[in-house]
Amino acid sequence: MEKRMNEQELLDSFDEALLNNHIFVVYQPKINHATGRMVGAEALMRWRHPEYGMQFPSEFISVLEKSNLICKADLYVFEQVCRLQRKCIDEGRHIVPISFNMSRYDIYNNNYVDEIEKIRAKYDVPVKYLRVEITESSAVGGVELISSVVDKLHELGYIVEMDDFGSGYSSLNVLKDLNVDIIKLDMRFLSGDIGGRGGTIISSIVQMTKWLNTPVIAEGVETIEQADYMKSIGCKYIQGYLYSKPVEEKEFIEKLDSIEHEPVGPAMDLISTMDAGKFWNPESLETLIFNNYVGGAAIFTYQNGKAEILRINEKYIKEVGMNQTEADILSTDPWAYYVEGDKQKYIDTLERAIKSRDEESCETWRTIYSDCCGEDRICVKSFVRMIGKTEDQYIFYAMVQNITKEKKMYEDLYESERRFRFASEQVNVYAWEYDISTKEMRPCFRCMRDLGLPPLVKNYPEPAIEVGIFPPDYADMYRDWHRQLEEGVGTLEAIIPLTVGRVPFHVRYTTEFDENGKPLKAYGSAALVVDDKS
Ligand code: C2E
Ligand code: CA
Ligand code: CA
């Protein structure tokens, strides 16, 4: 029968419990949900009291902490872990790293790390098979102490996992200052369903941890839905009842033998020259550059057509944010701004950048709305570069320029060009457009009126030669021009006497090419040659 012991009973029986193996260790596997392989295990303390039955840590850990017995208990657990690893190694088993919990009172104890090293040496277990779990709450009252312990553990070669991440205690700041190697995210701290607010919080935490390039293990995962969801947001390591409850040593060894193993992999494959993690640190040089020197910049993730902005700098807001706040920008779907068709253009650019691993750019129009200023349409030139990638998600760095003014200027120019064309109708200039691939010619209004040409002339220039606009002695030369246009000549010009009246005209062609240099159209004009002497 299981019954709660009171504190005094608990303390009185502690020494005896250690001596008689009433306190013992259970092991819970950590699994890669994508492959089903075991990546490690966690050692958890249990107390089976001869009278009171099984006691769980929630009942006795805080009592042991209060009475300064926790270090002794934790070292006992650690010794059991070392003993198990040594035994398995000796038996020729494939083993996985086993993590042990370090109470914050262990951190306050200056000798603790030396003590574990003594035990490890006694059992001669390679440090790579042992991992330390420290909780975020150990940082209450400052990170200096815990940070020095983490450094010491690192020097000795231990991998350090941050336990119970997300449980409070200003998680983000702790993470920034603590150099942990793996983060454990407890699903149970994030109440609510994964489709709602809880899911959003989890996904942004996972998002951010990727940014720090730190692998995440999701703890307390009980259902396949939770595991699938975690995998979908890039967290494939799972510890929880779904795969296994904590089990006693014998059963754990059976699992060790029956389940395949693999190591915990890095969170993402960062492009080697970039240390994206530094962008997270507000004091880093990278952040300084990000904020002050690069112009408008954003960092965002991209996955199957979906984008999410992680960070923007101040200049980004000035450049393209119009009157929105940073929070507005971060909370809105970036695609919502794009005008029809330009979203695809941007996605194509991202896909190009993924392939080329180089900078790619595009120009897109966006409609921005703000409470104070209403709607505004802006044109943005973006230079994008992929800086990191996980299995199915990419991280991009984008620099943006607001080129609306230039675009509008270009439009004005285009407009004045159009006006020029109208004006040319007023003077003695004839103009036409020649489509090089189809040999179709479209004359201007004046050509149609004065020369009786239809709006579309096929097989140009033959009809013009036939009706005598180009006289027979110039026919071959004019045909040759069109051959040259086909071959990609950029400009052609000559004085040609036109029509039966042989009136001298300055005839010109200018060719338009596509991006590949293929000639598309030639613009022809014929201007009356004005005799200066007359
Ligand atoms: P923890 O380090 O976060 O350990 C994970 C706890 O979650 C374990 O509880 C484990 O049994 C439980 N758990 C794992 N998967 C699931 C799941 O899918 N659903 C649910 N509901 N629970 C799950 P446990 O063993 O009762 O330990 C509770 C806490 O006590 C631990 O939390 C840890 O903070 C502390 N603790 C356990 N063993 C030790 C130890 O050896 N030393 C120290 N200092 N603390 C320990
Ligand atoms: Ca733990
Ligand atoms: Ca935990």
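The structure presented is a predicted model; accordingly, all values stated were derived computationally and were not measured. (Residues numbered from 1 in each chain as written. Chains lettered and ligands numbered in written order. Predicted model: local features only at pLDDT ≥ 70, side-chain atom pairs only at ≥ 80, totals over all residues. Heavy atoms only, no water.)

Trainee: What is the right way to look at the coordination of the calcium ion (ligand 3) in this model?
Mentor: Perfect tetrahedral coordination of a metal by four donors corresponds to 109.5 degrees between them, and perfect octahedral coordination by six donors corresponds to 90 or 180 degrees. Protein coordination at the calcium ion (ligand 3) comes from Asp163 (OD), Asp164 (OD), Glu219 (OE) and Glu219 (OE), with a distance range of 2.2 to 2.8 Å. Look at where the donors of the calcium ion (ligand 3) fall in the sequence and you get D-D-x54-E. Between the calcium ion (ligand 3) and the calcium ion (ligand 2), a spacing of 4.1 Å is present, and a bridge between the two is formed by Asp163. Taken as a pair, Asp163 in strand 6 (residues 159-165) and Glu219 in strand 8 (residues 216-219) lie far apart in primary sequence, 56 residues in all. Exposure class is identical for Asp163 and Glu219. Each is buried. (Donors = N, O, S within 2.8 Å, 3.2 Å for Na, K, Ca; no water. Helix = DSSP H or I, 4+ residues; strand = E, 2+ residues; numbered from the N terminus. Buried < 20%, exposed > 50% of the residue type's maximum accessible area, 1.4 Å probe, protein only.)

Trainee: What is the right way to look at the pairing of strand 5 (residues 130-135) in this model?
Mentor: A regular strand places its side chains so that they alternate between the two faces of the sheet. A large share of strand 5 lies buried, amounting to six of its six residues. Residues Leu130, Val132 and Ile134 of strand 5 are buried on one face, and the alternating residues Arg131, Glu133 and Thr135, pointing to the opposite face, are buried as well. As paired elements, strand 4 (residues 98-102) and strand 5 share five bridges and run parallel to each other. Its bridge partner lying in strand 5, Ile98 is registered against Leu130. The pairing of strand 5 with strand 6 spans five bridges and is classified as parallel. Note that in strand 6 the partner of Arg131 across the bridge is Ile159. (Pairing = 2+ DSSP bridges.)

Trainee: What's the story with the site of ligand 1 in this structure? I'm lost.
Mentor: Around ligand 1, a shell composed of 22 residues is seen, among which Arg46, Asp74, Arg188, Glu222 and Tyr241 lie nearest. Measuring from a nitrogen atom of ligand 1, one finds a side-chain N or O atom of Gln28 at 3.0 Å. At 3.1 Å, a side-chain N or O of Glu42 approaches an oxygen atom of ligand 1. Coverage of ligand 1 by the protein amounts to 84% of the 790 Å² it exposes when considered alone. Considering each element in turn, the shell around ligand 1 owes the most residues, four residues, to strand 2 (residues 37-49). For the shell around ligand 1, the residue count by class is nine nonpolar, five polar and eight charged. (Near = heavy atom within 4 Å. Polar contact = N/O pair within 3.5 Å; in protein donor to acceptor, adjacent residues only side chain to side chain. Areas by Shrake-Rupley, 256 points an atom, 1.4 Å probe, with all protein chains shown as cover. Nonpolar A, V, L, I, M, F, W, Y, C, P; charged D, E, K, R; others polar.)

Trainee: What should I look at first to understand the packing of helix 3 (residues 70-90) against helix 10 (residues 249-258) in this one?
Mentor: Helix-helix packing: each pair is described by the crossing angle between the helix axes and the interaxial distance. At their nearest, the axes of helix 3 and helix 10 sit 12 Å apart, and the two run at 45° to each other. What the angle tells us is that helix 3 and helix 10 run oblique. The element helix 3 and its partner helix 10 pack so that their crossing is right-handed. Mapping the contact onto sequence places Arg83, Leu84, Lys87 and Cys88 in helix 3 and Glu249, Phe252, Ile253 and Leu256 in helix 10. Tallied by class, residues from the contact of helix 3 with helix 10 come to five nonpolar, no polar and three charged. (Axes fitted to C-alpha atoms, helices over the stretch in contact; angles between N-to-C directions. Parallel < 35°, antiparallel > 145°, perpendicular 65-115°, else oblique. Left-handed = near helix turned anticlockwise from the far one by under 90°. Contact = heavy atoms within 4.5 Å.)

Trainee: How should the coordination of the calcium ion (ligand 2) be read in this particular structure?
Mentor: Looking at the metal site, the calcium ion (ligand 2) is ligated by Glu42 (OE), Asn101 (OD1), Glu133 (OE) and Asp163 (OD), spaced 2.1 to 2.3 Å from it. Sequence spacing of the donor residues for the calcium ion (ligand 2), all on one chain, is E-x58-N-x31-E-x29-D.

Trainee: Would you mind showing me how to read the side chain of Arg366 here?
Mentor: For Arg366, the location among the structural elements is in strand 14 (residues 360-370). For Arg366, which is buried and forms no salt bridge, the nearest opposite charge comes from Asp342, at a distance of 7.7 Å. For Arg366, the side chain forms a polar contact with the side chain of Tyr338, separated by 3.1 Å. Discounting residues that sit within four places of it in the chain, Arg366 has contacts with Tyr316, Val320, Tyr337, Tyr338, Val339, Tyr346, Asp376, Arg377, Ile378, Val380 and Ser382. (Lys, Arg positive; Asp, Glu negative; His and termini not counted. Salt bridge = Lys/Arg side-chain N within 4 Å of Asp/Glu carboxyl O.)

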